[in-house]
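Chains, contacts and geometry: an overview
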Amino acid sequence: MFAGDSRWASVQAPSGDLYQWPDSTYIANPPYFTGMGMQPAAIQPIEGARCLGLFGDSITTDHISPAGSIKKDSPAGRWLIEHGVQPTAFNSYGSRRGNDAVMVRGTFANIRIRNLMLDGVEGGYTVHVPSGRQMPIYDAAMQYKAEQTPLLVIAGKEYGTGSSRDWAAKGTLLLGVRAVIAESFERIHRSNLVGMGVLPLQFKAGQNAQSLGLSGRERFSIIGFEQPDAREATVIVHGEAGERRFQVQVMLLTPKEREFYRHGGILPYVLRQLAG
């Protein structure tokens, strides 16, 4: 039973302590530990961020997380074609959830999501503010990454409702989003964001993007959340009308969540505990 039959014994497989990642479009070495050291870096303010998406109420995890079929003219479809996969063999996002290159390209790509930074446009699009160009959210995120610009997402009530989809938080992180500012969060998605090292922030009661006059095209800096016991943070908005500020609640609700966030998420935290 443990040795297997002759067919099992004939399978060629690498040996050793380290897994040999295959050249596959289904599974890939995830980047969550790239550049990680044994000690977490000090938490720094978020400076000069751009808004990747300005959304309304009830943005669900189905809006955020990659799901369903992969379109050939989407960022994920173009990546698969570049890697020799024909559209008839695309399969679904669910079948390729082990490959971050596919999944991050499908984050915020739902055809029904509406980014209020654009007028009358449905689907996973945004505007790259410096150039004024409309493009897929993934493409804009990668352009901002090349420009070393941090990102944030702004939303209304009940952000992250629906099923507890882990890729809704994973994809948000891998796009380069450092913080999500919403009127309210669904509790599990808020916890998942913390687990991936994304900072959840909540507007004060009675405030939202509309009441504060936010278009999503401003520059944002966030300060004051760096202290271990911070309950509030200050958002500094740089727009055409000059500089203005508003306060938000820091939605790190327990000492353990603050520890996870300090480590950059639950995955680096657990690995450091094991290695230690």
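Here is what the cut-offs are and how they apply
Residues numbered from 1 in each chain as written. Predicted model: local features only at pLDDT ≥ 70, side-chain atom pairs only at ≥ 80, totals over all residues. Heavy atoms only, no water. Helix = DSSP H or I, 4+ residues; strand = E, 2+ residues; numbered from the N terminus. Rg over C-alpha atoms; globule rule 2.2 N^0.38 Å. Buried < 20%, exposed > 50% of the residue type's maximum accessible area, 1.4 Å probe, protein only. Contact = heavy atoms within 4.5 Å. Areas by Shrake-Rupley, 256 points an atom, 1.4 Å probe, with all protein chains shown as cover. Lys, Arg positive; Asp, Glu negative; His and termini not counted. Charge placed at Lys NZ, Arg CZ, Asp CG, Glu CD. Pairing = 2+ DSSP bridges. Axes fitted to C-alpha atoms, helices over the stretch in contact; angles between N-to-C directions. Salt bridge = Lys/Arg side-chain N within 4 Å of Asp/Glu carboxyl O. Patch = residues over 30% accessible without salt bridge, like charges linked within 9 Å, V, L, I, M, F, W, Y side chains within 5 Å. Core = buried A, V, L, I, M, F, W, Y, C linked by side-chain atoms within 4.5 Å.

1. Description of the overall build of the protein chain
- Regarding its fold elements, the protein chain presents nine helices and nine strands.
- The C-alpha radius of gyration computed for the protein chain amounts to 20 Å, which stays within 12% of the reference 19 Å derived for 276 residues, consistent with globular compactness.
- Based on the C-alpha atoms only, the size of the protein chain along its principal axes is roughly 75 × 45 × 35 Å.
- Taking all 276 residues of the protein chain together, the buried fraction comes to 46%.
- Sequence separation of at least 24 residues holds for 64% of the intrachain contacts in the protein chain that already meet a minimum separation of 6.
- Here the protein chain has roughly 14400 Å² of accessible surface; of this, 51% comes from carbon and sulfur atoms.
- Between the averaged position of the 28 positive side-chain charges in the protein chain and that of its 25 negative side-chain charges there is a distance of 1 Å.

2. Notes on the sheet that holds strand 4 (residues 151–154)
- One closed barrel accounts for seven strands, arranged 1-4-5-6-9-8-7; its pairing is mixed. The mean inter-strand angle of the sheet, taken between neighbouring strand axes irrespective of direction, is 40°.
- Note: strand 7 (residues 219–223) against strand 8 (residues 232–239), five bridges, orientation antiparallel. Pairing of Ile 223 across the sheet is with Thr 234, part of strand 8.

3. A word on helix 6 (residues 166–174)
- Among the residues making up helix 6, those that are buried are Trp 167, Ala 168, Ala 169, Lys 170, Gly 171 and Thr 172.
- Along its buried surface, helix 6 packs onto helix 2 (61–64), helix 4 (100–105), strand 5 (177–182) and helix 7 (187–195).
- Among the residues trailing helix 6, Gly 176 stands out with phi positive, at a value near 100°.

4. Digging into the pairing of strand 6 (residues 199–203)
- The buried fraction of strand 6 is high, at five of five residues.
- What you see with strand 6 is no split at all: Leu 199, Leu 201 and Phe 203 on one side and Pro 200 and Gln 202 on the other are buried throughout.
- Looking at chain direction, strand 5 and strand 6 are connected through four bridges and run parallel. Note on strand 6: the bridge partner recorded for Ala 179 is Leu 199.

5. Quick look at the pattern of salt bridges
- Overall, the coordinates contain 13 salt bridges when judged by the stated rule.
- Here Arg 7 makes a salt bridge to Asp 5, at a shortest N to O gap of 3.3 Å.
- Two residues, Arg 190 and Glu 257, come together in a salt bridge whose shortest N-O distance is 2.8 Å. Of this pair, Arg 190 sits in helix 7 while Glu 257 sits in helix 8 (residues 255–262), and the two are 67 residues apart along the sequence. The same class applies to Arg 190 as to Glu 257, namely buried.
- Counted as one network, the salt bridges with shared partners bring together Arg 97, Asp 166 and Lys 170.

6. A word on a nonpolar patch on the surface
- Taken together, the side chains of Phe 33, Ile 266, Leu 267, Val 270, Leu 271 and Leu 274 define a hydrophobic patch exposed on the protein surface, amounting to about 480 Å² of accessible area.
- Looking at where Val 270 falls in the secondary structure, it is placed in helix 9 (residues 266–275).
- The exposure class assigned to Val 270 is partly exposed, which follows from its relative accessible area of 39%.

7. Focus: the nonpolar core
- Ranked by internal contacts, the top residues of the largest apolar core, which has 73 residues, are Phe 108, Ile 154, Tyr 159, Leu 175, Leu 214, Phe 220 and Ile 222.
- With near-sequence residues (within four places) excluded, Ile 154 lies in contact with Cys 51, Gly 53, Leu 54, Phe 55, Ile 181, Phe 203, Ala 209, Leu 214 and Phe 220.

8. Description of the pairing of strand 1 (residues 46–54)
- Counting buried positions over the nine residues of strand 1 gives seven, a clear majority of the element.
- Relative to strand 7, strand 1 runs antiparallel, the two being bridged by two bridges. The residue of strand 7 that forms the bridge with Ala 49 is Phe 220.
- Pairing of strand 1 with strand 4, which is carried by four bridges, proceeds in the parallel orientation. By the bridge assignment for strand 4, Cys 51 is matched with Leu 152.

Any link to function would need more than the numbers given here.
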